[in-house]
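Architecture at a glance
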Amino acid sequence: MSPVLGLLGVLLLQSGARGFGILPGDSKSHQEITEEAILNVTVQVCRALAEAEGNDFDLPSQPFTASGVAAACRAQGSVKSFQRAISSITLRNVRVDLLEALDPRFHFDDETFVGGRDIITTGLQMVKAENKQQNFEAAQDSLGETLHTLQDFYSHSNWAENGNTLPNSNLIRANTSIGNLADESRATCRSCDGDDCSNNILEDIARDQILTTGYFAIIPGTSKPSGKCSHGGALDLTSRIEPTGGINKDTFDSEHGFLHSEAAALATMATSEILENVRQAAGNQPFLQMLGISRGSGKALCFVIDTTQSMGDDIAAVQSAAASLIDGQVGTDDEPSAYILVPFNDPAFGPPIRTSDPEAFKNILDDLTASGGGDDEEPALSGLQLALSNAPQSSDIFLFTDAPAKDPQLKSTVIALIERTQSAVYFLITQTAANSRRRRQLSRPQASGRIAESDARLYKELAEAAGGLVVQLRQDELQEATGIVGQMSSASLVTLLRASRTAGQNGDFAFAVDETVGDLRLLLTGPSSRITVTDPQGVEQVFTTMSLQPVGNLQTLQLDSQVGRWQVTVESANAFTLKAVGRSPVDFLFDFVEYVPSRNTFDVLDTRPSAGTNGSLLVTLTDAEAADVTRVTLVEVAGSPEVPGQVEPQGRGRYLVRVESVPSAPFVVRVEGNAVNADGTFQRQSPTSFRASNITIQAKAPRNLVPGTPLSVPFAVTVKGSGGNVSIRATANDPLYTVTAPSTLPAAPGASANGTVTLSVPLNTPSGTTVTLVIEAEDPGVGDVNYAVLRISVLNPVSDFTPPACEVLSAVRCVRNSSAASWHLLVRVSDGPQGTGVERVSLARGNGTLHLRPAPDDQNVTLATYDALCKWPEVELQVVDNVGNSDTCSFDAFTATSGGAGGHAAFFLTGAPLGWAALALALRVLQSLSVR
């Protein structure tokens, strides 16, 4: 984003000129509208799933919360991933006001109905394609951006003034009529009567149900067509041109604020409608996965495995250890929502393999064999980069190797991805006793399978950034070590303390345990001579390496979970890392944000924060009813300095935190507060460490790219101090993607240097593929690095906007009072000759049996046979094509009549998902229950 656009965006936000508000207040904000709809629709989907499985569904208490809804969905383990998904969607929604502040299409200003609808339908296509490729986080981003424009329609147009009480469903359907749009020459408004704008829309506009929106401009000299309405507000210069005033309903204080509640209610229903459309296209389970909800942890378990020849003896041990870890999690709250494997050989690595089936994943692991290699180093970081780009946020990644990395130039890229995804990486490095002896004799290993301490240092730096561990061990210790480290992938794992010290530094540490914490453990890597642990009662225990029985260089200590403050002293002549972890349902999420104090507004950073200056964080508790936050501190990992922040509650478990000076050294985020209705001080730390930078990098990527067409991504770099030449690197997450960028940029002191990255992907890249582009800028004189991590989605042009159609080929109907009899349907589901093909036909409602088979003479046709007892006379089929166009076909056993090939029967095809009237009624019931 250019400095000019950034300033304009800030001014617009400060004035409240663009869309619904940003943060909670008396008026409904974009965040509140979005979160309310997500929670309501999630409840609806989980209730439908429970009923389909024959289970009871307990409605969560009011008002709905992420933790309450997850519990009602029997997905307590995925509270954190659900809350993260909600935050990602809402924050992307807010960002549109900053990045697209002056484009009227994104806000339905200037009567840009077709352009605004195109943004919505294109965004909806992207969400569906990304879900199909299981790129759920990219789908969250696309959904959030799309929802902003959709919601602004109800605030900026006269849809509410025209008396509409239901959303305009054609906004989410391409190639349909949005409504009776005002001609450019047609007058729509008169001037307001002073501050009273309640009657400024002309009577014939409402009478003829004409659609209009306000015009908006902040550049002097801008005009609007004669007789047109304005948006309104202090910065809108068109509102001072006849007809004066405005019609926006962004807040209660807006010119048409008397309709703010109606506009917000319409926006909430429209948000629910588009979510339902996404659900229909994806299916229930993938839809919930997009929202981070699953019957387990909501996390991914990812293995990055060296398959070169020297790992021949180790792979069997890895397979056995991984199988034990997977089996121990199946059926528990810790069961991952996805399993990912990234093998790496030399020179090849990948592709990533993903499945949600634990048995299928174990079979994939069992098929691994060792071959190739031949030299001392392997592309471990290339495999890790691929894993970080494909795994969801906060994943647990286990990398198995016996060799140093041959691609250390990727270190800063990998650290950037670690920081942005906040994933934990655990390195398990195997070696034999013979290799250990040989390693002591050589400055660098001369044969595969031998890794020197100098080579392991790179892995340790990465593990320190990721909050993980480097465990160096013998092959016969691999099973035990994987079991210990595998416990780190628990859904309820929380970090209470994390620190590291260099060789010769002893350490004194303290952490607090509250009543919600159980399974308290210490993990220490690096040989130590003495550990002293003092519990909250003052009882002191001393442990040595012998009493701890280490596995490789990993020492673990199980503690009782006494509530209170614990003290730990580590005495060691060697470098070491220390972690205190436990299990608890209460944790926190956070993002670094750019804060605008005058408007209490922020935007999430895709880069490192600026070093030595003030900074801001948005902290969110996963269970706002269990604890509150009173103190947030940035704590240096390798020392004791701390930077406290000013904590400002934002409601619903969110806190805005401002710090005066972000430290330059690596740091973690520590959150403290009070446990509600329980004993003990609440304390958590981020497992991932972060760094600030004296380099600022800004980049804005287009929403999508077309395969085979080069995409330009402009960026700007600013360096504090004396400036100079800045080194530039740009990498993508697949070696088949072409990336070009300048190698250096001259940056004058305090001035921006502009550059462009060009990106292209092969023609056969499917829609929904996510390209992770990392642009790095480094000051070579001091080694300072900053980055911008961008997710760009591939979208092939779509020309099919019509859902599949249903036709009854034959039917055996029921007669009244024949509930013991059965009925039968044979339905032809076709996507038409120009369609993309039928992807899925499923049973949306009905207690009978559905069988599907392809038509022998047409690949775009599926034949569906349905059989049921007459006591279950209704059935509803969900039909979806290959680009996500969906609809429902409903049939009744008493009115369906037989028809021959090409014949028709008495059935109906609903014009809106699940029948809009029924959905609207259900949403109204849910909304009435969730009034805050």
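This text goes with the structure placed above it.
For every chain, the first residue of its written sequence is number 1, and the numbers climb from 1 along that sequence. Given that the model is predicted, a residue must reach a pLDDT of at least 70 before its local features are reported, and side-chain atom pairs must reach 80 or more before they are shown or counted; all residues, however, enter totals for whole chains, interfaces and linings. Side-chain numbers come from the whole structure's heavy atoms, not from hydrogens or water.

What follows concerns the overall build of the protein. A count of helices and strands for the protein gives 18 helices and 41 strands. Think of it in three bands: with a 1.4 Å probe and only protein chains considered, a residue is buried below 20% of the maximum accessible area for its type, exposed above 50%, and partly exposed in between. A buried classification covers 59% of the 932 residues belonging to the protein. In what follows, residue pairs with any heavy atoms lying within 4.5 Å of each other are defined as contacts. Taking as baseline every contact in the protein between residues at least 6 positions apart, the subset at least 24 positions apart corresponds to 73%. For the accessible areas, the method is Shrake-Rupley and the probe is 1.4 Å, while residue cover comes only from the protein chains on display. A total of about 34,700 Å² of accessible surface is found on the protein, and carbon and sulfur atoms cover 50% of it. Helix and strand assignments follow DSSP, with helices taken as H or I runs no shorter than four residues and strands as E runs no shorter than two, numbered in order from the N terminus.

Okay, the sheet that holds strand S6 (residues 396-401) next. The six strands lie next to each other as S5-S4-S3-S6-S7-S8, forming an open sheet whose pairing is mixed. Each edge of the open sheet carries a strand with a single partner, namely strand S5 (353-355) and strand S8 (470-474). Strand-to-strand twist across the sheet, computed as the mean angle between neighbouring axes with direction ignored, equals 15°. At least two DSSP bridges between two strands are required for those strands to pair. Direction of pairing for strand S3 (residues 300-306) relative to strand S4 (residues 338-344): parallel, over a ladder of seven bridges. Following the sheet pairing, Phe303 is matched in S4 by Leu341. Angles here are taken between N-to-C directions and fall from 0 to 180 degrees, while the axes themselves are lines fitted to C-alpha atoms, restricted in helices to the stretch in contact.

What follows concerns helix H13 (residues 411-421). The element H13 is largely enclosed, with a buried count of ten among its eleven residues. Listed in full, the buried residues belonging to H13 are Ser412, Thr413, Val414, Ile415, Ala416, Leu417, Ile418, Glu419, Arg420 and Thr421. One or two residues past the end of H13 sits Gln422, with phi positive at roughly 50°.

Among the secondary structure elements, Pro347 is positioned in the loop between S4 and S5. Considered as a pair, Pro347 and Thr308 are 39 residues apart in the sequence and their alpha carbons are 9.9 Å apart.

The salt bridge definition used is simple: a Lys or Arg side-chain nitrogen within 4 Å of an Asp or Glu carboxyl oxygen. Applying the stated criterion across every chain, the model contains 44 salt bridges. For the salt bridge of Arg95 with Asp603, the shortest nitrogen-to-oxygen distance reads 3.0 Å. Note that Arg95 is positioned in helix H4 (residues 79-99) and Asp603 in strand S18 (residues 601-604), a separation of 508 residues in sequence. Look at Arg95 and you get buried, because its relative accessible area is 9%. In this structure, the salt-bridge partner of Glu203 is Arg190, at a minimum N-O distance of 2.8 Å. Placement of Glu203 in helix H7 (residues 203-207) and of Arg190 in the loop between strand S1 (180-181) and H7 is noted, with a sequence separation of 13 residues between them. One connected set of salt bridges, linked through shared partners, spans Arg92, Asp141, Glu145, Arg703 and Arg791.

As a further point, take the packing of helix H2 (residues 30-52) against helix H8 (residues 260-282). Remark: H2 packs on H8, axes separated minimally by 9 Å, with the N-to-C direction vectors making an angle of 45°. Put simply, H2 runs oblique to H8. At the point where H2 passes H8, the crossing takes the right-handed sense. Across the interface between the two elements, Ile33, Thr34, Glu36, Ala37, Ile38, Val41 and Val45 from H2 touch Ala264, Ala267, Thr268, Thr271, Ser272, Leu275 and Arg279 from H8. Along the lines of polarity and charge, the residues of the contact of H2 with H8 split into eight nonpolar, four polar and two charged. Comment on the angle field: the value is read as roughly parallel under 35 degrees, roughly antiparallel over 145, roughly perpendicular from 65 to 115, and oblique elsewhere. By the definition used in this description, the sense in which the near helix is turned from the far one sets the handedness, with an anticlockwise turn below a right angle giving left-handed and a clockwise turn giving right-handed. In this classification, Asp, Glu, Lys and Arg are treated as charged, Ala, Val, Leu, Ile, Met, Phe, Trp, Tyr, Cys and Pro as nonpolar, and every other residue, Gly included, as polar.

We define the nonpolar core as a collection of buried residues of types Ala, Val, Leu, Ile, Met, Phe, Trp, Tyr and Cys that are connected through side-chain atoms lying within 4.5 Å of one another. The biggest cluster of nonpolar side chains holds 53 residues, and the ones touching the most others in it are Phe82, Leu150, Phe153, Tyr154, Leu171, Phe287 and Met290. Elements with a contribution of two residues or more to this core: H2, helix H3 (66-72), H4, helix H5 (113-132), helix H6 (136-156), H8 and helix H9 (284-290). Counting residues per element, this core draws most heavily on H2, which supplies ten residues. With near-sequence residues (within four places) excluded, Phe82 lies in contact with Ile38, Leu39, Thr42, Ala66, Val69, Ala70, Leu291, Gly292 and Ile293. Counting 36 residues, the second-largest nonpolar core is a separate cluster that includes Val304, Ala387, Ala405 and Leu462.

Attention shifts here to the state of the cysteines. The disulfide criterion used throughout: a pair of cysteine sulfur atoms within 2.5 Å. Enumeration according to the criterion identifies five disulfides in this entry. Across the disulfide from Cys46 sits Cys73; the S-S distance is 2.0 Å. Negative torsions about the S-S bond denote left-handed disulfides, and the value of about 105° found for Cys46 with Cys73 makes this one right-handed. Of the two residues, Cys46 is situated in helix H2 and Cys73 in the loop between H3 and H4; the sequence distance between them amounts to 27 residues. Here Cys192 engages in a disulfide with Cys197; their sulfurs sit 2.0 Å apart. Residues Cys192 and Cys197 are joined through a disulfide that is right-handed, its torsion about the S-S bond being 110°. Per residue, the accessibility class of Cys192 equals that of Cys197, and both read buried. Bonded cysteines in the protein are paired 1-2, 3-6, 4-5, 7-10, 8-9 when counted in the order they occur along the chain.

Time to look at the pairing of strand S32 (residues 770-779). Judged by how many residues are buried, S32 sits mostly within the fold: ten of ten residues are covered. Of the two faces of S32, the one holding Thr770, Thr772, Val774, Glu776 and Glu778 and the one holding Val771, Leu773, Ile775, Ala777 and Asp779 are both buried throughout. Summarising the sheet, strand S28 (residues 724-732) and S32 pair through six bridges and their orientation is antiparallel. The residue bridging Ala730 from the neighbouring strand is Ile775, located in S32. Here S32 hands over to strand S33 (residues 784-794) after four residues, with Gly783 in that stretch at a positive phi of 75°.

For any two aromatic rings, the description comes down to two numbers: the centre-to-centre distance and the angle of the planes. Stacked, tilted and edge-to-face pairs are distinguished by plane angle, under 30 degrees for stacked and over 60 for edge-to-face with tilted covering the rest, among Phe, Tyr and Trp rings (Trp via its six-membered ring) whose centres lie within 6.5 Å. Following the criterion strictly, the structure yields 20 aromatic pairs and no others. A centroid spacing of 5.5 Å and a plane angle of 75° characterise the contact between Phe592 and Phe690, whose relative ring orientation is edge-to-face. Of this pair, Phe592 sits in strand S17 (residues 588-596) while Phe690 sits in the loop between strand S24 (681-685) and strand S25 (695-699); the two residues are 98 residues apart in sequence, bridging distant segments of the chain. What makes Phe690 buried here is its relative accessible area of 4%. Ring geometry for Phe667 versus Phe690: centroids 6.4 Å apart, planes at 40°, classification tilted. Of the two residues, Phe667 sits in strand S23 (residues 667-675) while Phe690 sits in the loop between S24 and S25, which places them 23 residues apart along the sequence. Across this residue pair, the class does not change: Phe667 and Phe690 are buried.

The next subject is unusual backbone geometry. The omega angle of the peptide bond from Glu242 to Pro243 is -10°, so this bond is cis rather than trans. Residue placement: Pro243 occurs in the loop between strand S2 (210-211) and H8. Residues Asp346 and Pro347 are joined by a peptide bond in cis, for which omega reads 15°. For Gln209, which is not glycine, the phi dihedral falls at a positive 55°. Along the polypeptide, Gln209 turns up in the loop between H7 and S2.

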